[in-house]
Amino acid sequence: MKKYRFKISELADLLGINKRTLHYYDEIGLFSPDFKDDNGYRYYSVEKSMDLAVILSLKELEIPLEDIKKIIDGDISHSKTILESKIDELDKQIESLKEIRQLATRKLKQIKMTGRGFFDIEEIKLQEEYLVLSEVLETDDFLTTVNAGFQLLHDEGKYLFTNNRYGYMIHSLKKMKDSKDEHYDYLYLEKDQITQGAFIKPAGTYLSMLYNGAETDLYKAYDDILKYVSDNEYELTGYFYEFPIHQSVHENPEAFITEIQVKFTRKG
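A word on the packing of aromatic side chains
Okay, so step 1: Across all of its chains, the model carries 15 aromatic pairs by this definition.
Okay, so step 2: A centroid spacing of 5.7 Å and a plane angle of 85° characterise the contact between Phe 119 and Tyr 211, whose relative ring orientation is edge-to-face. Of the two residues, Phe 119 sits in the loop between α5 (76-113) and β4 (121-126) while Tyr 211 sits in strand β9 (residues 204-214), which places them 92 residues apart along the sequence.
Okay, so step 3: For Phe 119, a relative accessible area of 41% gives the class partly exposed.
Okay, so step 4: Grouped by ring-pair contacts, the aromatic residues Phe 118, Phe 119, Tyr 211 and Phe 256 constitute a single cluster.
Okay, so step 5: Taking NZ or CZ as reference, Lys 201 lies 4.4 Å from the ring centre of Tyr 241, over its face.

This is the structure:
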């Protein structure tokens, strides 16, 4: 049986590529025809076409052509290094995509949360959470607080502040003494897993309110929560956690949405 050879157009059609690609591969010495006739027509053997299939499969892995050439040339050691490096790169991309998915999921959850109703106090069960805290805030000065936030973001964050789950902590004893007290104890970033030195927000039953309004009136939300605690004869433990969800830009730049949480126990 006569040995069959593909014309360039036949091979290009067979593998679904452009003839110009084969011309380019020939020019750079990556994949050349078995021979060219007197008219300059290129011909490829069936065996040769298998090399092209390998090249295209490696190209699908986004391996650079210069590295593909080394693999095709039979450098087994270099091939192993290239593929191991590619796998490491893909693993990093996968982890990055997982993080971005978590971020998108968190954002969606925040948006859905705003549909539950503002100013209603709910009793919710929370699992243990892990927080990274700023240095103790020695003053309620706005600039000091902002600087502490950016330092925390620089040290521990990965995205912009609004793409991290962050917030403010103030001890419940302060708010019980004066609901207008804005001398917060810490800024925090929430982590998906525990890290060295992380603050553990304990599991348990929390009061939760979704506040929507001017920041200057936020104390009214605390008044409502403290009244709820008194009416139900509850005891607060630990900190209040404020979690900003959204701030209006167009309608009312001073209005914002924030969730307030605080752990409680029932007396007796």
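Having put the structure on the table, let's press on.
Concerning the pattern of salt bridges
Okay, so step 1: In total, this model carries 10 salt bridges according to the counting rule given.
Okay, so step 2: Notably, a salt bridge pairs Lys 98 with Glu 95, separated by 3.6 Å at the nearest N-O pair. Linking Lys 98 with Glu 95, this pair stays in helix α5, spanning 3 residues, or about one helical turn.
Okay, so step 3: We classify Glu 95 as partly exposed; its relative accessible area is 42%.
Okay, so step 4: If you follow the salt bridges from partner to partner, you end up with Asp 26, Lys 36 and Arg 42 in one network.

Some remarks on the nonpolar core
Okay, so step 1: Grouped together as the largest cluster of nonpolar side chains are 25 residues, with contacts concentrated most on Leu 207, Leu 218, Ile 225, Leu 236, Phe 240 and Ile 260.
Okay, so step 2: Elements represented by at least two residues in this core include exactly α6 (142-156), β6 (166-171), β7 (186-191), β9, α8 (218-231), β10 (234-247) and β11 (255-266).
Okay, so step 3: Excluding residues within four positions of it along the chain, Leu 207 makes contact with Ile 121, Glu 122, Glu 123, Ile 225, Tyr 228, Val 229, Tyr 234, Leu 236, Ile 260, Gln 261, Val 262 and Phe 264.
Okay, so step 4: In terms of nonpolar packing, the next biggest core, distinct from the first, is built from 17 residues, Leu 52, Leu 56, Ile 63 and Ile 68 among them.

Concerning the sheet that holds strand β2 (residues 35-36)
Okay, so step 1: Taken together, 3 strands build an open sheet; the order of strands is β1-β3-β2 and the sheet is antiparallel. Only two strands of the sheet have a single partner each, and these edge strands are β1 (5-7) and β2.
Okay, so step 2: Note that β2 and strand β3 (residues 42-45) share 2 bridges and pair antiparallel. Paired with Lys 36 across the strands is Arg 42, a residue of β3.
Okay, so step 3: In the packing of helix α1 (residues 8-15) onto the sheet, contacts are made with β1 and β3, and the angle to β1 comes to roughly 90°.

Some words on the pairing of β7
Okay, so step 1: In terms of strand pairing, strand β5 (residues 129-133) meets β7 through 4 bridges, oriented antiparallel. Counterpart to Tyr 130 in the pairing with β7 is Lys 191.
Okay, so step 2: Pairing between β6 and β7: 4 bridges, direction antiparallel. Note on β7: the bridge partner recorded for Tyr 166 is Leu 189.

Each value, and the rule that gives it
- Residues numbered from 1 in each chain as written.
- Predicted model: local features only at pLDDT ≥ 70, side-chain atom pairs only at ≥ 80, totals over all residues.
- Heavy atoms only, no water.
- Phe/Tyr/Trp six-rings, centres within 6.5 Å; stacked < 30°, edge-to-face > 60°.
- Helix = DSSP H or I, 4+ residues; strand = E, 2+ residues; numbered from the N terminus.
- Buried < 20%, exposed > 50% of the residue type's maximum accessible area, 1.4 Å probe, protein only.
- Lys NZ or Arg CZ within 6 Å of the ring centre and 35° of its normal.
- Salt bridge = Lys/Arg side-chain N within 4 Å of Asp/Glu carboxyl O.
- Core = buried A, V, L, I, M, F, W, Y, C linked by side-chain atoms within 4.5 Å.
- Contact = heavy atoms within 4.5 Å.
- Pairing = 2+ DSSP bridges.
- Axes fitted to C-alpha atoms, helices over the stretch in contact; angles between N-to-C directions.

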